[in-house]
Amino acid sequence: KLFETCIRNKKANREKSIKIWSAGCANGEEPYTIAILLRDILGAEFSGFSVDIVATDVDKKAMDTAKKGEYEKNSVRNLGKELVAKYFACGTGAYQVNEQIKNMVTIKYLDLTNSELVADCDFVFCRNVFIYFDRSLQEQLLMKYYNALKPGGYLIMGKSETLIREATSIFEPIDADNRVYRKITA
């Protein structure tokens, strides 16, 4: 639903770009799944949009796996047979993300504890990342994500993560059960 709402708003405002940051992308399943969903939702309108998915992590080994875009059957089980057939090539027991999807995703090293961020995002996915940081760093990350988002942009967190302190006044819950929040702008 969120992607459809975003696309509808983009069309209404005559905007043609969608930018997403997958912070803590690990082996790349999340950013490629996002790319597949967006590509499928946009359908014939895809060529009229610029879709930029930036996937970041500090684990270089995981990033190497993400760059290959090759996954075991277990990793693609929730996509459904139709999407798997459409966006993957099946090789020797592994599924390879096709080039069209791979080209939508930029995988790069980024240490969330430094001052760098990905800017002008419509969505920030930060799922199951907070467990690696103490409360002080979590607060800093929430501010970083806030600053990375465009006005009205969405923050998607993991099921076990919650907004803390000041973040509860700068993000509004859209779907609290699924940890989806929207940036509040003055």
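For the structure, see preceding data.
Engineer: Would you take a moment to explain the overall build of the protein for this structure?
Structural biologist: Along its length, the protein carries 8 helices and 10 strands. For 186 residues, the compact-globule formula gives about 16 Å, and the C-alpha radius of gyration of the protein, at 16 Å, lands near that figure. Each of the 186 residues in the protein was classed as buried or not, and the buried ones make up 45%. Here the contacts in the protein between residues at least 6 apart in sequence split such that 72% fall between residues at least 24 apart. A total of about 10000 Å² of accessible surface is found on the protein, and carbon and sulfur atoms cover 48% of it. Side-chain charges in the protein split into 27 positive and 25 negative, and the spacing between the mean points of these groups amounts to 3 Å.

Engineer: Explanation requested: the sheet that holds strand β5 (residues 94-97) in the structure shown.
Structural biologist: The 3 strands lie next to each other as β3-β5-β4, forming an open sheet whose pairing is antiparallel. Each of the sheet's edge strands pairs with one partner strand only, and the pair in question is β3 (70-72) and β4 (88-90). Each strand axis lies, on average, 30 degrees off the axis of its neighbour in the sheet, ignoring direction. When β3 meets β5, the two strands line up antiparallel, connected through 3 bridges. If you follow E70 over to β5, its bridge partner there is Q96.

Engineer: What is the right way to look at the pattern of salt bridges in this model?
Structural biologist: Working definition: two side chains of opposite charge can pair if their charged atoms are close together. This model, assessed by the stated rule, comprises 8 salt bridges. A salt bridge links K10 to E15; the nearest nitrogen and oxygen atoms lie 3.2 Å apart. Judged by its relative accessible area of 4%, K10 is buried. When its relative accessible area of 33% is taken as the criterion, E15 is described as partly exposed. Of the charged contacts in the structure, one is a salt bridge between D122 and K10, with a shortest N-O distance of 2.9 Å. Note that D122 is positioned in strand β7 (residues 121-126) and K10 in helix α1 (residues 2-12), a separation of 112 residues in sequence. A relative accessible area of 8% means that D122 is categorised as buried. Within this structure, K10, E15, D122 and K150 form a network of salt bridges that share partners.

Engineer: In this structure, what is going on with the pairing of β7? I would like to understand it.
Structural biologist: Both faces of the sheet carry side chains from a regular strand, because those side chains alternate between them. With 6 of 6 residues buried, β7 is to be regarded as a mostly interior element. Pairing of strand β1 (residues 17-23) with β7, which is carried by 3 bridges, proceeds in the parallel orientation. Bridging across to β7, S22 finds its partner in F125. Direction of pairing for β7 relative to strand β8 (residues 149-157): parallel, over a ladder of 5 bridges. In the sheet register, V124 faces β8, and the bridge partner there is L155.

Procedures and definitions
Position labels on residues start from 1 in each chain and follow its written sequence. Only residues with pLDDT of at least 70 get local features here, since the model is predicted, and only at 80 or more are side-chain atom pairs given and counted; chain-wide, interface and lining totals rely on the full set of residues. Only hydrogens and water are set aside; all other atoms, that is, all heavy atoms of the structure, feed into the side-chain values. Where helices and strands are cited, they refer to DSSP runs of H or I of at least four residues and of E of at least two residues respectively, numbered from the N terminus. Each radius of gyration is computed over the set of C-alpha atoms, and the globule rule expresses the reference value as 2.2 Å times the number of residues to the power 0.38. Burial classification: accessible surface area is computed with a 1.4 Å probe over protein chains only, and a residue below 20% of its type maximum counts as buried, one above 50% as exposed, and the rest as partly exposed. Every residue pair with non-hydrogen atoms within 4.5 Å of one another is taken to be in contact. The Shrake-Rupley method, run with a 1.4 Å probe sphere, supplies the accessible areas, and residue values consider only the shown protein chains as cover. For this count, His and the chain ends are skipped, Lys and Arg are scored as positive, and Asp and Glu as negative. For charged residues, the charge sits on one atom: NZ in Lys, CZ in Arg, CG in Asp, CD in Glu. In this description, strands pair whenever DSSP reports at least two bridges between them. What counts as an axis is a line fitted to C-alpha atoms, over the stretch in contact for a helix, and the angles between N-to-C directions run from 0 to 180 degrees. Criterion for a salt bridge: a side-chain nitrogen of Lys or Arg within 4 Å of a carboxyl oxygen of Asp or Glu.

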